[in-house]
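Topology and contacts: notes
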Amino acid sequence: MSKIKYYRDQKFRILPGVYKPAEDTTLLADNLKISVGEKVLELGTGCGLISIIAAKAGAKIIATDVNPKAIECAKKNAENHGVLEKIDFKEGDLFEPVRGEEFDLIIFNPPYLPVSSSESLNIGLARAWDGGEDGRKVIDNFLDRVSDYLKEEGRLIFVQSSLSGVQETLNILEKKGFSSSIESEKKLSFEKLCLIKAF
């Protein structure tokens, strides 16, 4: 049985086994700035909400996800929103499906919650939030490789939890030659979500 998520009166179906957009997704969506014709990569597209918004703004999108159910769900939503032909959906982990390509903008809502090895499932829907022991397993892998996929004047925007070392992320970006900042924050009961932007 699919669920429904609304974002600014836009309707998105969430199939079983697909991450349901939450505060982290809306934090990204609310701060998305797209120029017409930009080449955009969204890693971990989930139900496709972010990529669909970007496509409606005139971007050329590649949307990836490691979860085949998410790709199926995102395609259906893109079709319902009339932008299926504007988004290239690819199944795979992080940058694997886009080797050799460069983008104006990379968007990512990574798994960022610390999960102990005894609690880790690392399968199915759990992969959407399981960031390993310190919450940085996927984030560090992403930061290590992202420069290779950005154009010279490219930028990235992603969400991270205060539970997984935001300052450490900013330090890593600085060492890699990025100018980065916390663009926006959202306080939740047990954590703070930070939207990080880097050039």
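Structure shown above.
Position numbers for residues count from 1 along each chain, tracking the sequence in the order it is written. Only residues with pLDDT of 70 or above have their local features reported here, since the model is predicted, and side-chain atom pairs are shown and tallied only from 80 upward, although totals for entire chains, interfaces and linings are computed over all residues. Side-chain measures were taken over the full set of non-hydrogen atoms in the model, leaving aside hydrogen atoms and water.

A patch consists of residues exposed above 30% relative accessible area that lack any salt bridge, with like charges linked at up to 9 Å and nonpolar side chains (Val, Leu, Ile, Met, Phe, Trp, Tyr) linked at up to 5 Å. Surface exposure here means Shrake-Rupley accessible area, sampled with a 1.4 Å probe, where a residue is shielded only by the protein chains that are shown. In what follows, salt bridge is the name for a side-chain nitrogen of Lys or Arg lying within 4 Å of a carboxyl oxygen of Asp or Glu. In this charge count, Lys and Arg are treated as positive and Asp and Glu as negative; neither His nor the chain ends contribute. Where a charge lies is defined by one atom per residue type, namely NZ (Lys), CZ (Arg), CG (Asp) and CD (Glu). A contiguous patch of negative charge on the surface is contributed by Glu102, Asp148, Glu152 and Glu153. Its place among the elements puts Glu102 in the loop between β5 (87-91) and β6 (103-108). Assessed through its relative accessible area of 40%, Glu102 is described here as partly exposed. To qualify as a helix, a DSSP run of H or I must reach at least 4 residues; to qualify as a strand, a run of E must reach at least 2; elements of each kind are numbered from the N terminus. Only protein chains enter the accessibility calculation, which uses a 1.4 Å probe; a residue is then buried when its area is under 20% of its type maximum, exposed when over 50%, and partly exposed in between.

Classification of ring pairs uses Phe, Tyr and Trp, with its six-membered ring standing for Trp, and accepts pairs whose centres are within 6.5 Å; under 30 degrees between planes counts as stacked, over 60 as edge-to-face, and the remaining range as tilted. In the structure shown here, the tally under the stated rule is 4 aromatic pairs. On the numbers, 4.3 Å between centres and 5 degrees between planes, the contact of Phe95 with Tyr149 is stacked. Here Phe95 is found in the loop between β5 and β6, whereas its partner Tyr149 is found in the loop between α4 (137-145) and β7 (150-161), with 54 residues between them in sequence. Classification of Phe95 as buried rests on a relative accessible area of 0%. Assessed through its relative accessible area of 9%, Tyr149 is described here as buried. Between Phe108 and Phe142, the aromatic rings sit 4.9 Å apart at their centres with planes inclined by 50 degrees, giving tilted as the arrangement. With Phe108 in strand β6 and Phe142 in helix α4, this pair connects stretches of sequence that are 34 residues apart. In this pair, the class of Phe108 matches that of Phe142, namely buried. In this structure an aromatic cluster arises from ring pairing among Phe95, Phe108, Phe142, Tyr149 and Phe158. The rule for a charge over a ring is simple: NZ of Lys or CZ of Arg within 6 Å of the ring centre, and within 35 degrees of the ring normal. When the ring centre of Phe103 is taken as origin, the NZ or CZ atom of Lys39, which lies over that ring, is 4.9 Å away.

Now for the packing of α4 against helix α5 (residues 166-175). Only the contacting stretch of a helix is used when fitting its axis, a line to C-alpha atoms as for every element, and angles between N-to-C directions run 0 to 180 degrees. At their nearest, the axes of α4 and α5 sit 10 Å apart, and the two run at 15 degrees to each other. The angle between α4 and α5 falls in the class roughly parallel. Handedness of the crossing formed by α4 with α5: right-handed. Where α4 abuts α5, its residues Ile139, Asp140 and Leu143 lie against Thr169, Ile172 and Leu173. Amino acids are sorted into nonpolar (Ala, Val, Leu, Ile, Met, Phe, Trp, Tyr, Cys and Pro), charged (Asp, Glu, Lys and Arg) and polar (every other residue, Gly among them). Looking at the contact of α4 with α5, its residues break down into 4 nonpolar, 1 polar and 1 charged. In what follows, roughly perpendicular refers to angles from 65 to 115 degrees, roughly parallel to angles under 35, roughly antiparallel to angles over 145, and oblique to any angle outside these ranges. Here a crossing is called left-handed whenever its near helix is offset anticlockwise from the far helix by less than a right angle, and right-handed whenever the offset is clockwise. In this analysis, two residues are considered to be in contact whenever any of their non-hydrogen atoms come within 4.5 Å of each other.

Note: most residues except glycine have negative phi, and most peptide bonds are trans. Here the phi dihedral of Arg8 falls at roughly 50 degrees; this positive angle occurs in a residue that is not glycine. A positive phi angle, close to 45 degrees, is found at Leu94, a residue other than glycine. Within the secondary structure layout, Leu94 lies in the loop between β5 and β6. Of the residues examined, Leu94 reaches a relative accessible area of 7% and is grouped as buried.

Turning our eyes to something else, we now look at the pattern of salt bridges. In total, this model carries 13 salt bridges according to the counting rule given. A salt bridge links Asp88 to Lys90; its shortest N-O distance comes to 3.9 Å. Of the residues examined, Asp88 reaches a relative accessible area of 35% and is grouped as partly exposed. Three or more residues are tied together by salt bridges with common partners; here these are Lys39, Asp88, Lys90 and Glu101.

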